[in-house]
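# Commentary on secondary and tertiary structure
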Amino acid sequence: PRASEEVAVLLSGGVDSSVALRLLHDAGVRCRAFYLRIWLEDEQAHASRGECPWEEDWACASAVCEQAGVPLEAVSLQASQRAA
């Protein structure tokens, strides 16, 4: 990408996407990270019991972005998932 361009990186909170973000960032690429919140029916059952299975993933993604100084945004696709 050109110096004026920014690359979107989808973070899952796992190792692969975290390493990809760090490699791009360390190579001088301007990055913006996104975490997709897609709750499926089984995750909704966890949430109703006060459990949030995505919270650990979000915490990992947040930590990676904070260390790199990369903005992170959560994008909720729950409504579109329910409509599908």
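A brief structural summary. (Residues numbered from 1 in each chain as written. Predicted model: local features only at pLDDT ≥ 70, side-chain atom pairs only at ≥ 80, totals over all residues. Heavy atoms only, no water.)

## Describing the overall build of the protein
- In terms of helices and strands, the protein carries four helices and three strands.
- When its helices and strands are written in sequence order, the protein yields β-α-β-α-α-β-α.
- Taken across its 84 residues, the protein has 23% of its residues classed as buried.
- Within the protein, contacts between residues at least 6 apart in sequence are counted, and of these 65% link residues at least 24 apart.
- Accessible area for the protein stands at about 5600 Å²; split by element, carbon and sulfur atoms hold 54% of it. (Helix = DSSP H or I, 4+ residues; strand = E, 2+ residues; numbered from the N terminus. Buried < 20%, exposed > 50% of the residue type's maximum accessible area, 1.4 Å probe, protein only. Contact = heavy atoms within 4.5 Å. Areas by Shrake-Rupley, 256 points an atom, 1.4 Å probe, with all protein chains shown as cover.)

## Remarks on the packing of helix 1 (residues 15-26) against helix 3 (residues 55-68)
- The N-to-C vectors of helix 1 and helix 3 enclose an angle of 10 degrees; their axes lie 10 Å apart at closest approach. Comparing the axis directions of helix 1 and helix 3 gives the class roughly parallel. Along its contact with helix 1, which presents S18, L21, R22 and H25, the element helix 3 presents V64, C65, Q67 and A68.
- Its residues assigned to classes, the contact of helix 1 with helix 3 comprises four nonpolar, three polar and one charged. (Axes fitted to C-alpha atoms, helices over the stretch in contact; angles between N-to-C directions. Parallel < 35°, antiparallel > 145°, perpendicular 65-115°, else oblique. Nonpolar A, V, L, I, M, F, W, Y, C, P; charged D, E, K, R; others polar.)

## A look at the nonpolar core
- Core analysis: the largest hydrophobic core is formed by eleven residues, namely V9, L11, L21, V29, C31, A33, A61, V64, C65, A68 and V70.
- Contributions of two or more residues to this core are made by strand 2 (30-37) and helix 3.
- In terms of residue count, the dominant contributor to this core is helix 3 (four residues). (Core = buried A, V, L, I, M, F, W, Y, C linked by side-chain atoms within 4.5 Å.)

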